[in-house]
There are 2 protein chains.
Amino acid sequence: MRIGFIGLGIMGKPMAKNLLKAGYDVTVNSASPAAPELLSAGARGADLPELGRTCDLVMTMVPNGPQVKAVMLGGTGVAASMRPGSTFIDMSSIDPTDSREIAGELEARGVEMLDAPVSGGEPKAVEGTLAFMVGGKAEVFRRCEPVLKAMGSSVVHCGAVGAGNTAKLANQIIVACNIQALAEALTLAERAGADPEVVFRAIRGGLAGSAVMEAKAPMMLSGRDQPGFKVDLHIKDLDNALSCGRAAGTPLPMTEAARGVLQWLHESGFGQDDHSSMIKYYRGLAGLQPPEQSAERP
Amino acid sequence: MRIGFIGLGIMGKPMAKNLLKAGYDVTVNSASPAAPELLSAGARGADLPELGRTCDLVMTMVPNGPQVKAVMLGGTGVAASMRPGSTFIDMSSIDPTDSREIAGELEARGVEMLDAPVSGGEPKAVEGTLAFMVGGKAEVFRRCEPVLKAMGSSVVHCGAVGAGNTAKLANQIIVACNIQALAEALTLAERAGADPEVVFRAIRGGLAGSAVMEAKAPMMLSGRDQPGFKVDLHIKDLDNALSCGRAAGTPLPMTEAARGVLQWLHESGFGQDDHSSMIKYYRGLAGLQPPEQSAERP
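Rules of the game
- Residues numbered from 1 in each chain as written.
- Chains lettered and ligands numbered in written order.
- Predicted model: local features only at pLDDT ≥ 70, side-chain atom pairs only at ≥ 80, totals over all residues.
- Heavy atoms only, no water.
- Helix = DSSP H or I, 4+ residues; strand = E, 2+ residues; numbered from the N terminus.
- Buried < 20%, exposed > 50% of the residue type's maximum accessible area, 1.4 Å probe, protein only.
- Contact = heavy atoms within 4.5 Å.
- Salt bridge = Lys/Arg side-chain N within 4 Å of Asp/Glu carboxyl O.
- Phe/Tyr/Trp six-rings, centres within 6.5 Å; stacked < 30°, edge-to-face > 60°.
- Lys NZ or Arg CZ within 6 Å of the ring centre and 35° of its normal.
- 1 Å grid on protein atoms, 1.4 Å probe; cavity = no way out; pocket = protein on both sides within 12 Å on 5 of 7 lines; lining within 4 Å.
- Points joined across faces, edges and corners; volume = space filled by probe spheres on them.
- Buried area = accessible area lost by both parts, 1.4 Å probe.
- Polar contact = N/O pair within 3.5 Å; in protein donor to acceptor, adjacent residues only side chain to side chain.
- Nonpolar A, V, L, I, M, F, W, Y, C, P; charged D, E, K, R; others polar.
- Expected span 1.5 Å × (residues − 1).
- Arc of directions from axis to C-beta.

A.B. asks: I tried to follow the side chain of Gln-172 of chain B on my own but got confused; where do I start?
C.D. replies: Residue and element names in this part refer to chain B. Mapped onto the elements, Gln-172 comes out in helix α8 (residues 163-191). Judged by relative accessible area, which is 6%, Gln-172 ranks as buried. If near-sequence neighbours (up to four positions away) are discounted, Gln-172 is found in contact with Phe-229, His-234, Asp-237 and Leu-238.

Structure below.
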């Protein structure tokens, strides 16, 4: 099986390398700035039409739905050159409505599709321990599962096309809101005269405990704001969630609130900082100074 | 040391029993409906003035700040009969501003105070595995720690008087908002065509994972709504948080939003159900029917 991999960014590059390490025959877009690094790791290079024509499985890892559509669809898109019976896996985090639209266009050409967004970020992309949430037909999932397992430690089939991105949006809603709740609570604790570090230790083991609390409370308390996961990327995910919610007839008031705080961070120049920077919004609201370490960041 | 224990409700009764089991000399209010059960377990009975006069340590476990003030303060309150040098521990979950006010009045009489709210609910009160968040002077904390350890597995000193309740409010804010975020995300998942049970399994191990998700997602998905922790009690806690936030100059927009959803549940007759009933609000918003099991509840 020959795999074409499109989107050699912070996530895509290590993911493609893990496919090569697992012994897959990988073709990358020779016009990509990262192509030379992949070629020297054993990949083939091709232009996009040739990649589409020669590969049995095409995978994309790009920023958002419009980029997936731009690279895949239309007269000059990769789909136009793909053979009937080949497969497309989009690993980008996009609006599931877009996933279904793309799958519909590919189906008309005899190309099957999975949507398979990941969670875990760059470190887990490098380690090959990403978590894949996958939507698509069960038999297509079974056929492609070994490829995804070469890049991830968890690969879960969530339902029909779009279900992978729906699960990812649920994940991103919960992460954003849990971060905001943590920021709100720690700010109240500090302003009400308690030591927020001690409060964190007192409550982490109970019902308030969470992966977000373990990962983000220490960053909030020390003023560290290196991503992690960038504010601007979380804005993109929540916009997809809100768009998906409107299409599905589901109001999302907490997601709207979290989106507003992230927008404030973006406008204030914190778009490239970790999403735990939500604490800055609350400290500002409450008239608190940033923790000392914030002043030292480059 | 003789301990006076006031407030033999769902939580207080098993807590007082655990003090007796640990060998403490416990006096209860003989007018309490639960007094006979405690007397047969080895407690002494007394009226409140005698309890105040004869005990070295008085403890309360009552619903809220006004009840603590009513039983302790004023001409007929227990504090009026307590000896200088004795100690008061309030284990109720109340506004920390009230804790500091009560401590101020007791200090004028030479009585030291700790605020020591708990988390864990009735099962952990029975097991003696509650988590205590404690505010007050360090030397008073050290003196009283063994008494609290007879009722809890975690006893954390959070700072000056009021810091225990501040930590508890931070805990309750995070729990309420994490439940609401979970409800919002699972409802979107279902309405967008994914199986919310599968989405839960796909995301529980990642950054969205939390104690709330582990405890409440299965309840939300099955329609089980037996407490757990009642909506009406969580309303009380969030009202204390909002009042504390106003006193501390800290806006709490997410807490306000969660308070609104809990109010809807209260008005809709769900005040005695578990706080995971927040999913009912979202399912209503999204035009979804309750899960089947809901129809069967007594």
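A.B. asks: Explain the pattern of salt bridges here, please?
C.D. replies: Taken as a whole and assessed by the stated rule, the structure comprises 36 salt bridges over all chains. A salt bridge links Lys-236 of chain B to Asp-237 of chain B; the nearest nitrogen and oxygen atoms lie 3.5 Å apart. A cluster of three or more residues bridged by salt bridges with shared partners is formed by Arg-2, Asp-25 and Arg-44 of chain A.

A.B. asks: What's the story with the packing of aromatic side chains in this structure? I'm lost.
C.D. replies: The geometry of two aromatic rings is summed up by the distance between their centres and the angle between their planes. A full pass over the atoms with the stated rule returns 6 aromatic pairs over all chains. Ring centres of Trp-264 of chain A and Phe-270 of chain A lie 6.3 Å apart, and the angle between their planes is 40°; on these two criteria the pair is classed as tilted. Taking the relative accessible area as the measure of exposure, Phe-270 of chain A reaches 17% and is therefore buried. Relative to Tyr-281 of chain B, the ring of Trp-264 of chain B lies with its centre 5.5 Å away and its plane at 75°, an arrangement referred to as edge-to-face. Of this pair, Trp-264 of chain B sits in helix α12 (residues 253-267) while Tyr-281 of chain B sits in helix α13 (residues 278-285); the two residues are 17 residues apart in sequence, bridging distant segments of the chain. Taken together, Trp-264, Phe-270, Tyr-281 and Tyr-282 of chain A form an aromatic cluster joined through their ring pairs. Between Lys-280 of chain A and the ring centre of Phe-270 of chain A, over which it is positioned, the NZ or CZ distance is 4.0 Å.

A.B. asks: Please clarify how empty space enclosed by the protein should be interpreted in this entry.
C.D. replies: To find leftover empty space, one rolls a probe the size of a water molecule over the atoms. All names here are of chain B. Within the structure shown, the criterion is met by 1 cavity of 30 Å³ or more. Reported here for the largest cavity is a volume of approximately 70 Å³. What lines the largest cavity is a set of 12 residues, among which Met-219, Gly-223, Arg-224, Ile-279 and Lys-280 lie closest to the centre. Of all the elements in the fold, those that place two or more residues in the lining of the largest cavity are α10 (211-222) and α13. Broken down by element, the residue count for the lining of the largest cavity peaks at 3 residues, all from α13.

A.B. asks: Would you take a moment to explain the interface of chain B and chain A for this structure?
C.D. replies: One frequently used descriptor of interface size is the decrease in accessible area upon assembly of the parts. Across the boundary between the two partners, chain B contributes 56 residues, which contact 56 residues of chain A. At the boundary of chain B with chain A, total buried surface from both sides reaches about 4600 Å², with 73% on carbon and sulfur atoms. At the boundary of chain B with chain A, the tally comes to 0 salt bridges. Applying the counting criterion to the chain B and chain A interface returns 9 residue pairs in polar contact (both at pLDDT 80 or more). Put simply, the parts of the chain that give the side of chain B that touches chain A at least two residues each are β9 (152-159), α8, α9 (196-203), α10, α11 (231-248), α12 and α13 of chain B. The element that contributes the greatest number of residues to the side of chain B that touches chain A is α8 of chain B, accounting for 19 residues. For the side of chain B that touches chain A, the class distribution of residues is 37 nonpolar, 14 polar and 5 charged.

A.B. asks: Is there a simple way to think about α12 of chain B in this case?
C.D. replies: Side chains three or four residues apart in an α-helix point the same way, a direct result of the helix having 3.6 residues per turn. Spanning 15 residues, α12 of chain B covers 21 Å between terminal C-alpha atoms, matching the ideal 21 Å at 1.5 Å per step. Turning to α12 of chain B, its buried residues are Met-254, Thr-255, Ala-258, Arg-259, Val-261, Leu-262 and Leu-265 of chain B. Projected down its long axis, α12 of chain B shows its buried positions confined to an angular sector of 165°, all on one face. Lining the buried residues of α12 of chain B we find α8 (163-191), α12 (253-267) and α13 (278-285) of chain A together with α8, α11 and α13 of chain B.

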